[in-house]
Amino acid sequence: MNFKKAWEGRLEGGLAPAFEALNCSLGVDRRLLLADLEQDRVWARALNRAGVYSAGELASVEAALGRLEDEARAGGFEFVEADEDVHMAIERRLTELCGAAGEKLQTGRSRNDQVGTSLRLYLRGELKQLTGLLARTLEALVTRAEEEAATPMPGWTHLQPAQVIALGHYLLSCFWALSRDLERLSEAASRAGRMPLGSAALAGTTLHVDRARLAAELGFARPSENSLDAVGDRDLVSETSFALAQTLVHLSRYAEDWVLWCGPALGFMRLPDSLSTGSSLMPQKKNPDSLELIRGKAAAAIGQVCSILSLQKGLPTSYNKDLQEDKEGLFNLLDSARAVLEVFRLVVQGCEFDRGRMRAALTDDLYATDLADFLVKKGVPFRRAHEAVGRLARAAAGAGVGLSRLPLAAYLEASPEFDARALELFDPQVSLARRNAAGGTGAAGVAAQLAEARALLASLPKPDPGD
Ligand code: ARG
């Protein structure tokens, strides 16, 4: 059957092949197939209630839609390039299967409100999957943080040794960053609860439909408030892109740390072989490619945020065809975020931490702040204490020894308030125990975070067994 374009009453002749190819979005929007079919079922019933479909027509359309769903699930739905987009592909197949009833399905509806609705339906499923993946990543992080709650390691600022921290505290820093990402994704999903269907092309449908009922049937919280706004609203695409880009940017920072940790200079971490690659040339190599790719994938994610905002900037209100370009980058980002989260979790679960190497890296200078605090306790103003320990650090560097190797005399020379007990501060557990304020790296600070983290995980919706 030679299916005509939807607008063939108005335009003469076929499309220029080059334009036909540019116009065709099937390669991208075929992903919306199931969501579109779900919407069609609900719309068909509304058409029946509005008197457009007889009971018989509705039955034949519903049966055909069921068949198309089966085809879609089995990967057997056949698209042809002339279909232009997923919506037209369904209309063509439906018309092939049930004739005039198929041709009536678009009554009172435009692809403008249709695509906005299907995109939200699709994204709802994706966001659920992604938040589930994030929750599993959080779970893995807490489990490792519990094991390493009291493992001391050097903490850096400016990549310079700064103060002693607990590895568990470090792992929880990743937990909290990702928990905010999860929050953002969930909020985006809840704002996606407004249904455009019923907005038609831009002015609202002429069909007698109960939009609240349609929304409920499709699982939306409510219908959109304004048809003009609804057909041009791509906020959800922007928000999802940002939330995922921020997630990948967070992951890229930990991946970068861990690339350094895996190198022989630090040797804090070992990746399982299953998450590493070798070199095709250098036989000795074990490269942390999994981490490098986690880091690298954030680049395109950032590009997507820029791209989706640029697409909307200055775009005339309501629907414009530019908006067809909202999907490709988004879908790529969804795929990439899924893949990265899976691998990141495997890294967290499967890596080995070398506590010995971490302990060996606890150089004396990490305790300099503790020395200054010692003086503060004796009543020395912090600025003076800072200066005294700074002089000590300079003397130690000059002598080529650690701070703990300087004789007591050098301490007394730096500040008469020092005494031999200052030398007891060069102990990681003592240093950690001094930082028990809420959110700090001390045992109590970490224990409180772990309890809070566990409570947060317990409050998250349980994943569906099939997910
Ligand atoms: N494929 C289009 C998109 O993704 C559907 C909407 C087309 N609307 C139109 N009036 N041409 O945006």
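**What to know about the packing of aromatic side chains**
Part 1 of the reasoning: Throughout the structure, instances matching the rule amount to 14 aromatic pairs.
Part 2 of the reasoning: Relative to W261, the ring of Y170 has its centre 4.8 Å away and its plane inclined at 40°; by these criteria the two rings are tilted. One end of the pair, Y170, is in helix 8 (residues 167–191); the other, W261, is in helix 11 (residues 235–262), and 91 residues separate them in sequence. A single burial state applies to Y170 and to W261, both of which are buried.
Part 3 of the reasoning: A connected cluster of aromatic rings, assembled from ring pairs, spans W156, Y170, Y254, W258, W261, F268, F344 and F353.
Part 4 of the reasoning: Positioned above the aromatic ring of F220 is the side chain of R124, whose terminal nitrogen or guanidinium carbon lies 5.0 Å from the ring centre.

**What to know about the site of the ligand**
Part 1 of the reasoning: Neighbouring the ligand are the residues S25, D29, D85, H87, R111, N112, V115, Y319, Q324 and K327.
Part 2 of the reasoning: In this structure, a nitrogen atom belonging to the ligand sits 2.9 Å away from a side-chain N or O atom of D85.
Part 3 of the reasoning: A distance of 2.9 Å is found between a nitrogen atom of the ligand and a side-chain nitrogen or oxygen belonging to N112.
Part 4 of the reasoning: Here the ligand has 350 Å² of accessible area as a free molecule, and 86% of this is covered by the chains.
Part 5 of the reasoning: A total of three residues in the shell around the ligand trace back to one element, the largest contributor, which is helix 7 (residues 111–147).

**Concerning unusual backbone geometry**
Part 1 of the reasoning: Phi is positive for A200, which is not a glycine, with a value near 55°.
Part 2 of the reasoning: Summarising the element assignment, A200 is placed in the loop between strand 3 (194–195) and helix 9 (211–217).
Part 3 of the reasoning: With phi around 65°, S318 is a residue other than glycine that occupies positive phi space.
Part 4 of the reasoning: Take S318: it is sitting in the loop between helix 12 (289–312) and helix 13 (328–350).
Part 5 of the reasoning: The exposure class of S318 is buried, given its relative accessible area of 16%.

**What about the pattern of salt bridges?**
Part 1 of the reasoning: Summed over all chains, the structure comprises 40 salt bridges.
Part 2 of the reasoning: In this structure, E146 engages R454 in a salt bridge whose closest nitrogen and oxygen atoms are separated by 2.9 Å. Residue E146 is found in helix 7, and its partner R454 is found in helix 19 (residues 443–459); the two are separated by 308 residues along the sequence.
Part 3 of the reasoning: A relative accessible area of 36% means that E146 is categorised as partly exposed.
Part 4 of the reasoning: If you follow the salt bridges from partner to partner, you end up with R67, E71, D83, R92, R93 and E96 in one network.

**Quick notes on the packing of helix 7 against helix 13**
Part 1 of the reasoning: Running from amino to carboxyl end, helix 7 crosses helix 13 at an angle of 15°, the nearest separation of the two axes being 9 Å. Put simply, helix 7 runs roughly parallel to helix 13. Helix-helix and strand crossings are classified by hand; for helix 7 and helix 13 the assignment is left-handed.
Part 2 of the reasoning: Taken together, the residues that form the contact of helix 7 with helix 13 break down as 15 nonpolar, four polar and six charged.

About the cut-offs
- Residues numbered from 1 in each chain as written.
- Predicted model: local features only at pLDDT ≥ 70, side-chain atom pairs only at ≥ 80, totals over all residues.
- Heavy atoms only, no water.
- Phe/Tyr/Trp six-rings, centres within 6.5 Å; stacked < 30°, edge-to-face > 60°.
- Helix = DSSP H or I, 4+ residues; strand = E, 2+ residues; numbered from the N terminus.
- Buried < 20%, exposed > 50% of the residue type's maximum accessible area, 1.4 Å probe, protein only.
- Lys NZ or Arg CZ within 6 Å of the ring centre and 35° of its normal.
- Near = heavy atom within 4 Å.
- Polar contact = N/O pair within 3.5 Å; in protein donor to acceptor, adjacent residues only side chain to side chain.
- Areas by Shrake-Rupley, 256 points an atom, 1.4 Å probe, with all protein chains shown as cover.
- Salt bridge = Lys/Arg side-chain N within 4 Å of Asp/Glu carboxyl O.
- Axes fitted to C-alpha atoms, helices over the stretch in contact; angles between N-to-C directions.
- Parallel < 35°, antiparallel > 145°, perpendicular 65-115°, else oblique.
- Left-handed = near helix turned anticlockwise from the far one by under 90°.
- Nonpolar A, V, L, I, M, F, W, Y, C, P; charged D, E, K, R; others polar.

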